[in-house]
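# Reading the structure
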Amino acid sequence: MLGKQPGRRARASRRRLNLTRTAVLAVVALSLSVVAGGFAYFLPAATLAWQATGQVVSIPSPTPSPSIEASPSPSPVIKVPGDFTVLLLGSDDDSKFEADHVLTQSMILVRVRPSSHSVVMLSIPRDLYVQFWRGGSGKIDGAYSYGQAGGAIATVERDFNVHIDEYIWIGLLGLVKLINAIGGIDVVTSNPVMDDFYPNDIFSQYPYDYSRVAVLPGPQHLDGLHAMQYVRSRHGDLQSDIGRSKRQQQVLLAIRQKAKQVTSSDVNAVAAALGGEIKTSISIDRVIDLIPLASTFDNPDAITQIVMVPPLFHGGGPGGSLTPNWPAILALVRQYFP
Amino acid sequence: MIARFFLALGLAAMMVVASFGTYVYLSGRQSKLTAAPQKPTAATPRAQAFKLPGTIYLAQSGALYSLSVGRFHQLTGEEGWTQPSVFPDGGYMLAVKQNYLYSDVYVLERFGAVHRKLTDNNAYGRLADISDRHWSFYPRLNPDGTQLFMSYDAPKFGYDVNLSVWAMPLGGSISQGRLWTISNDYTGGDVQALPVPGGGIIYTKYSYGPDGNLTGQLWFTNRPGSVGRALTDTDQDCSEPSLSPDGHLLAMICTYQKQVSHLVFASWINTNIGRLHELITDQVVAQPTWAPDGSGIAYLAPAVAAGPFQLWFLPKDAYDAPPPSPTPVPTPTPGGPYSGTLPTPTPAPPVAPPVIKPVQLTTNNGFDATSPIAWAL
């Protein structure tokens, strides 16, 4: 009789709920549920981030670069740990082209220097006549068309004698949607951009159709469509692609300015906008590391914008291309890009 | 056993509610970035706006609005309307109606009803080419109200499409128009013509600077087809001129070829411009416009970095500081002449002029910053 007492008490005690354990269980369950709800909400963005980032690029072995001596330059750039070079690629990806066999209308080398909170942007003219990585020559905008990102990177590395750490590719429609997803950008447009033969290939069922464009000058808030017209139009610019490159850099910096205000409530919209329109070799971990870094590049004077102009090249090359003055180009590049 | 069952049930229910609630909460949050600008009529401006004299006309999302006695009124539908300009006698206003292929100038009643169409820039017929259409922008009447000045994209040669300043009789057509300015090729051309009392126009001409950058410059010309003369330098990159009601001060914006836009003013005497003075350097200013009674300058600028453009007002005291106070003199000592050394008067501590800040009149709108503001009594 006496011997049964402890066993009964123990069983009774087990049947009673321990308050502390129950509370801990409830908190853990609640936390898990909140995380699960959040995960479900951010799943589309996470999926896109997973798909778009960390692209593995096979950079083909380039043919040996010609032994061109750079013109004497003030001093070559010194490699600083943490600094890196990104190749930005922007493409017409309308229905005139097969997927992933598009030309790059925009090619910008960007040197990011977290050590000094500064950035250098160098626009490469799309019509520059270069040697491709696989041999043969042509306008540099064809490198991506022949070899996708790897081909473009290998060609730029070979011809410009630089090392590229990462690349980001964005399609035209992606640019429009991205700017709309962040609520538009503020740009001080440099002049009236007038074009009677602007390609109407993004939203038209006739990809070879034309439209008229009139982007008025001065400070203004641009939506995606008008920002695209501003950066893409070149017929009304005496400098054609050079003028367009300057405008592209303005819009890139305006996007960066606006992106600083993106919050978690914008993530899904931005992800939806960029679905299938962006690819990068930057891994998701690195993207997460770079986001806080981006907001530290606040000083406009710490952003160096370079657009290649004559005498770095001259016209009259094959097929309307631009003939590079390699010694001068390499001297310029050596100042900023290792 | 029963207690454990209910505990498990309760926890399961809580988990479902919490996870679902989290999802719904996250989905329901409004992005501040993509929130569409509020219609000006949805909210009245702040109290300060009640001090503004007359009526201000602005454009947003293709509609024209008026601001009078502190209240906005929508004058037109969102149909591509922009760039209002009031007649010198205040009876009507000009405005541009734009679509994606061409734009035309109209005369509107001051409450927005279309009175008359002044241009016809569409192209008709099956063989009409896309480039047969035209743009008309920045319409203004000369002081006596007989001539319409505007930027019009003719002549054009293939890819070289530039706006030039044209003038035509108010009751006439473009075939009676005269080309006032010769725009530079492949620059976008000449815009924002501002007829000045005594004849002539101030306008913005775009050209390539020594560094190859396209840049804006204010020019003055007093007859059609003449070269005229530059009022500002290319490196100042100035545009959007506005003349004070007394005709002696010129407001403008200057960017110095950067992604900034400062509010600048200068004297304007006998068609000569004075030294440029910067009034606002910490905002992206657009479309400065003088109050018709000279009480200040209205302009557009974002209220937050990279945000849509709001209406602001800079009171006159900000640029027309009161004269300095007189130099202090020693106070005479009562009791007759004093032969000793007079005490050195203590100079009054320097009084810093009060800093007059611009007044933000709207908060959630998104005004068209390429559309000049019209302001009439």
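Residues numbered from 1 in each chain as written. Chains lettered and ligands numbered in written order. Predicted model: local features only at pLDDT ≥ 70, side-chain atom pairs only at ≥ 80, totals over all residues.

On to the overall build of chain A. Broken down by element type, chain A carries nine helices and 14 strands. Of all 338 residues assigned to chain A, the portion counted as buried reaches 44%. Considering only contacts within chain A whose residues lie at least 6 apart along the sequence, 71% involve residues at least 24 apart. (Helix = DSSP H or I, 4+ residues; strand = E, 2+ residues; numbered from the N terminus. Buried ≥ 20, exposed ≤ 12 C-beta atoms within 10 Å, placed from the backbone. Contact = placed C-beta atoms within 7 Å.)

Bringing the overall build of chain B into the picture now. Helix and strand content of chain B: one helix and 25 strands. Sorting the 377 residues of chain B into buried and exposed places 41% on the buried side. Long-range pairs, those at least 24 residues apart, make up 43% of the contacts in chain B between residues at least 6 apart in sequence.

With that out of the way, let us pick up the interface of chain B and chain A. The parts lose accessible area when they come together, and the size of an interface is often stated as this lost area. Between chain B and chain A, the contact holds 58 residues from the first and 56 residues from the second. Take the side of chain B that touches chain A: its biggest share by element is 13 residues, from helix H1 (residues 2–28) of chain B. Considering only residue class, the side of chain B that touches chain A consists of 33 nonpolar, 20 polar and five charged. (Nonpolar A, V, L, I, M, F, W, Y, C, P; charged D, E, K, R; others polar.)

Turning next to the sheet that holds strand E7 (residues 114–117) of chain B. Residue and element names in this part refer to chain B. Taken together, the four strands give an open sheet; going across it, the order is E4-E5-E6-E7, and neighbouring strands pair in antiparallel fashion. This sheet does not close on itself; its edge strands, each paired only once, are strand E4 (81–86) and E7. Strand-to-strand twist across the sheet, computed as the mean angle between neighbouring axes with direction ignored, equals 30 degrees. Judged from the seven bridges that link them, strand E5 (residues 92–98) and strand E6 (residues 103–109) form a sheet pairing that is antiparallel. From the neighbouring strand, Met 93 faces E6, where its bridge partner is Leu 108. (Pairing = 2+ DSSP bridges. Axes fitted to C-alpha atoms, helices over the stretch in contact; angles between N-to-C directions.)

Residue and element names in this part refer to chain B. When you tally the buried positions in strand E17 (residues 249–254), you get six out of six residues, the bulk of the element. By the alternation rule, side chains of E17 split into Leu 249, Ala 251 and Ile 253 and Leu 250, Met 252 and Cys 254, which are all buried. Of the strand pairs in this sheet, E17 and strand E18 (residues 262–269) are connected by six bridges, and their pairing is antiparallel. The residue bridging Ile 253 from the neighbouring strand is Leu 263, located in E18.

This prediction gives chain B a mean pLDDT of 88; 88% of its residues lie at or above 70. Model confidence for the complex: the whole-complex pTM is 0.83, and ipTM, which rates the interface, is 0.87. (pLDDT = per-residue confidence, 0-100.)

Looking now at the sheet that holds strand E2 (residues 104–113) of chain A. Residues and elements named next belong to chain A. Taking strand neighbours across the sheet as the criterion, the six strands line up as E11-E6-E1-E2-E3-E12 in an open arrangement whose pairing is mixed. With one partner strand each, in any of the chains shown, strand E11 (278–280) and strand E12 (303–307) form the two edges of the open sheet. The mean angle between the axes of side-by-side strands here comes to 15 degrees, regardless of whether they run parallel or antiparallel. When strand E1 (residues 84–91) meets E2, the two strands line up antiparallel, connected through eight bridges. If you follow Ser 91 over to E2, its bridge partner there is Thr 104. Sitting on the sheet, helix H4 (residues 172–181) touches E1, strand E6 (166–171) and E11, and the angle it makes with E6 is about 85 degrees.

Turning our attention to the nonpolar core. Residues Leu 87, Tyr 167 and Val 270 of chain A together with Ala 298 and Tyr 299 of chain B are the most contacted members of the largest nonpolar core, which totals 156 residues. No other element matches the eight residues that helix H3 (residues 143–160) of chain A contributes to this core. (Core = buried A, V, L, I, M, F, W, Y, C linked by C-beta atoms within 7 Å.)

Residues and elements named next belong to chain B. Among the seven residues that make up E6, five are buried, leaving the element largely enclosed by the rest of the structure. The antiparallel pairing of E5 with E6 creates a hairpin that spans four residues between the two strands. The sheet contact formed by E6 and E7 spans three bridges and is antiparallel. Each bridged residue has a counterpart across the sheet, and for Leu 108 the counterpart in E7 is Val 114. Two successive antiparallel strands, E6 and E7, enclose a turn made up of four residues, where Gly 112 displays a positive phi of approximately 105 degrees.

On to the packing of H4 of chain A against helix H7 (residues 264–274) of chain A. Residue and element names in this part refer to chain A. Relative orientation of the contacting elements H4 and H7 amounts to 165 degrees, with a least axis distance of 8 Å. For the element pair H4 / H7, the angle class is roughly antiparallel. Our pair here, H4 against H7, has a crossing hand that is right-handed. From H4, Gly 174, Lys 177, Leu 178, Asn 180 and Ala 181 reach across to H7, where they touch Asp 266, Ala 269, Val 270, Ala 273 and Leu 274. (Parallel < 35°, antiparallel > 145°, perpendicular 65-115°, else oblique. Left-handed = near helix turned anticlockwise from the far one by under 90°.)

Its place among the elements puts Ser 211 of chain A in strand E9 (residues 210–215). Separated by eleven residues in sequence, Ser 211 of chain A and Asn 200 of chain A place their C-alpha atoms 5.4 Å apart. Those residues in contact with Ser 211 of chain A, other than ones at most four positions away along the chain, are Tyr 198 and Asn 200 of chain A together with Tyr 100 of chain B.

A word on H7 of chain A. All names here are of chain A. Counted residue by residue, H7 has eight buried out of eleven residues, so it is predominantly covered. For H7, the full list of buried residues reads Asp 266, Val 267, Asn 268, Ala 269, Val 270, Ala 271, Ala 273 and Leu 274. Backbone geometry just downstream of H7 places Gly 276 in the positive-phi region, at approximately 75 degrees.

Before going further, it helps to spend a moment on the packing of H4 of chain A against helix H5 (residues 224–232) of chain A. Residue and element names in this part refer to chain A. Across the interface, H4 lies against H5 with an axial gap of 7 Å and an inter-helix angle of 130 degrees. Between H4 and H5, the interaxial angle falls into the category oblique. H4 and H5 meet at a crossing whose hand is right-handed. In this structure, H4 contributes Leu 172, Leu 175, Val 176, Lys 177, Ile 179 and Asn 180 to the contact, and H5 contributes Gly 224, Leu 225, Ala 227 and Met 228. Class assignment for the residues of the contact of H4 with H5 results in seven nonpolar, two polar and one charged.

Look at the link from Pro 310 of chain A to Pro 311 of chain A: it is a cis peptide, with omega at 15 degrees. Here Pro 311 of chain A shows up in the loop between E12 and strand E13 (313–314). Residues Ala 154 of chain B and Pro 155 of chain B are joined by a peptide bond in cis, for which omega reads 0 degrees. Here Pro 155 of chain B shows up in the loop between strand E9 (147–152) and strand E10 (164–169). Its identity as a non-glycine residue notwithstanding, Gln 148 of chain A has a phi of 50 degrees, on the positive side. Summarising the element assignment, Gln 148 of chain A is placed in helix H3. A positive phi angle, close to 50 degrees, is found at Asn 270 of chain B, a residue other than glycine. For Asn 270 of chain B, the location among the structural elements is in the loop between E18 and strand E19 (272–273). Given 6 C-beta atoms within a 10 Å radius, Asn 270 of chain B is considered exposed.

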